[in-house]
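Okay, here's what each chain looks like letter by letter:
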Amino acid sequence: MATAIHRSAGFAMLCVALLALGLRAAANEITVYELPKGDRPHDVAPAPDGLVWYTAQRAGALGILDPETGAVEKIPLGDGSAPHGVIQGPDGNAWITDSGLNAIVRYEPGSSDVTVWTLPDHADDANLNTAAFDGDGVLWFTGQNGFHGSLDPATGAMRVFESPRGHGPYGITATPDGEIYYASLAGDHIARIDRTTGEAHPIDPPTPEQGARRVWSDSKGMIWVSEWMSGQLSRYDPATGTWAAWKLPGDDPAAYAVYVDERDIVWVSDFSANAVLAFDPVSESFIATIPASDNEDGDVRQILGRDGEIWLPESNLDRLVRVRTTAE
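Each residue is numbered by its place in its chain's sequence as written, counting from 1. Local features in this predicted model are restricted to residues of pLDDT 70 or higher, and side-chain atom pairs are both shown and tallied only at a pLDDT of 80 or more, whereas totals for entire chains, interfaces and linings draw on every residue. Where side-chain values are given, they derive from all heavy atoms of the structure, hydrogens and water being excluded.

*Asks:* Looking at this structure, how should I read the confidence of the model for the chain?
*Replies:* Close inspection of predicted coordinates is inappropriate in any region flagged by low pLDDT. By definition, pLDDT measures how confident the predictor is in each residue, and it falls between 0 and 100. Put simply, the chain has an average pLDDT of 91, and 90% of its residues get 70 or more. Contacts are assigned to residue pairs that have any heavy atoms within 4.5 Å of one another. Taken together, the stretch residues 1-28 has pLDDT below 50 and engages in 65 contacts with residues farther than four places along the chain or on a different chain.

Structure below.
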């Protein structure tokens, strides 16, 4: 059973960071949840009924955390499973991109049923990464070995496409209008997918060799990008085709994950600094820095949340972290 640890003295600087955001800075604002050793959580997603899902990549399972008790249940996904991404679908189910199974996996909380959709033979080594639902309820996904595709949950129909410029598709997001964009880490670009044809149209950031890793849309449809190689947080405006970029503070930053919360505050993880930063797009400044771990590299590979909460997986430490952002 996992246990919840409330950080206090070792995270005094966090309280200052939260105050800068105008948030509560009580001692229990950050809670760390220890997971079973060896799980290596890669991605995390809020689940129904206050629960939290995570991909136990090394264990080949979907983890289910109860934040109230710290208890963890694991759902095996099959022999060879190595799940990467997990999100909650509009149906309330967990949707998983499993690179080990080379399949999309659905877990239904009500029945505990697990359904697997294997990719076709021409994409038998897609190296699946992440997924997002479009405005029509169709799931779109990326494969880092040069693929993107879709699965219609209503019919089970799957389409898989070779991505332009080959290897690299990684993070993916849906805009409020239901359009789909992905980031290509190896390809140094983002791309908009034509949902009818499946064709991906590359969009090049102004910074060359920036290593666009993950993307997230804000409430206005702006696309935020974590640039792994350049250490920048960038923003693309689809309406005008213009870009803006901000270098993360510190020496040699490496921006891995990006997530935009319900207030349009942008959260980005810095692997080099072992930290998660909050960025205010109104003031165009980084307004908080939160240590990702209290003792060694946490390796925060992804960020997700729900109203009032930010969730982080510390993949190197077998932990999940909750940051409460609810204002007083």
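*Asks:* It is not clear to me how the pattern of salt bridges should be interpreted in this structure. Could you clarify?
*Replies:* Any two side chains of opposite charge can pair, so long as their charged atoms come close to each other. Each reported salt bridge corresponds to a side-chain nitrogen of Lys or Arg within 4 Å of a carboxyl oxygen of Asp or Glu. Per the counting criterion, the structure on display carries 14 salt bridges. Between E34 and R319 there is a salt bridge, with the nearest N and O atoms lying 3.3 Å from each other. Of this pair, E34 sits in strand 2 (residues 30-34) while R319 sits in strand 29 (residues 319-324), placing them 285 residues apart in sequence. For E34, a relative accessible area of 17% translates into the label buried. Taking the shortest distance from any N to any O, the salt bridge between E179 and R195 comes out at 3.1 Å. By definition, any uninterrupted DSSP run of H or I lasting at least four residues is a helix, any uninterrupted run of E lasting at least two residues is a strand, and each is numbered from the N terminus. Think of it in three bands: residues with accessible area under 20% of the maximum for their type are buried, residues over 50% are exposed, and the middle band is partly exposed, with areas taken using a 1.4 Å probe on protein chains only.

*Asks:* How should I be thinking about the side chain of D134 in this particular structure?
*Replies:* For D134, the position within the fold is in the loop between strand 11 (128-133) and strand 12 (139-143). Judged by its relative accessible area of 8%, D134 is buried. Polar contacts here mean pairs of N or O atoms no more than 3.5 Å apart (in protein, one a potential hydrogen donor and the other a potential acceptor; neighbouring residues in sequence count only if both atoms are side-chain atoms). Engagement of the side chain of D134 in a polar contact is seen with the backbone nitrogen of G137, the distance being 3.1 Å. In this structure the side chain of D134 is engaged in a polar contact, spanning 2.9 Å, whose partner is the side chain of W140.

*Asks:* Looking at this structure, I do not really get the environment of D113. What am I missing?
*Replies:* Here D113 is to be found in strand 10 (residues 113-118). Taking relative accessible area as the criterion, D113 reaches 40% and is therefore assigned partly exposed. Taking C-alpha positions, D113 is 42 Å from P253, a pair spaced 140 residues apart along the chain. Non-local contacts of D113, meaning those with residues more than four positions away in its chain, are made with R106, Y107 and E108.

*Asks:* Got a minute to help me understand the sheet that holds strand 10 in this structure?
*Replies:* Two orientations exist for strands paired in a sheet by backbone hydrogen bonds: parallel and antiparallel. The four strands lie next to each other as 7-8-9-10, forming an open sheet whose pairing is antiparallel. Two strands close off the open sheet at either side, each with one partner strand: strand 7 (83-88) and strand 10. Taken pair by pair, the neighbouring strands of this sheet meet at an average axis angle of 20°, ignoring direction. Whether two strands pair comes down to DSSP finding at least two bridges between them. With six bridges joining them, strand 9 (residues 103-108) and strand 10 adopt antiparallel strand pairing. When the sheet's bridge partners are listed, E108 is paired in strand 10 with D113. Under this scheme, a helix contributes an axis fitted over its contacting stretch, all axes are lines through C-alpha atoms, and angles between N-to-C directions fall in the 0 to 180 degree range.

*Asks:* Would you take a moment to explain the sheet that holds strand 21 (residues 232-237) for this structure?
*Replies:* Within the open sheet, the four strands sit side by side as 19-20-21-22. Their pairing is antiparallel. Each of the sheet's edge strands pairs with one partner strand only, and the pair in question is strand 19 (212-217) and strand 22 (242-247). The average angle at which neighbouring strand axes cross in this sheet is 20°, direction not considered. Where strand 20 (residues 223-227) meets strand 21, five bridges bridge the pair, whose relative direction is antiparallel. Bridge assignment links S226 to a residue of strand 21, and that residue is L233.

*Asks:* Mind showing me how you'd approach the pairing of strand 18 (residues 200-203) here?
*Replies:* Within a regular beta strand, the side chains point alternately toward one face of the sheet and then the other, so they alternate between its two faces. Here strand 17 (residues 189-193) pairs with strand 18 via four bridges, running antiparallel. Counted as the bridge partner of I190 is I203 from strand 18. Between the end of strand 17 and the start of strand 18, which pair antiparallel, lie six residues, with G198 showing a positive phi angle near 85°.

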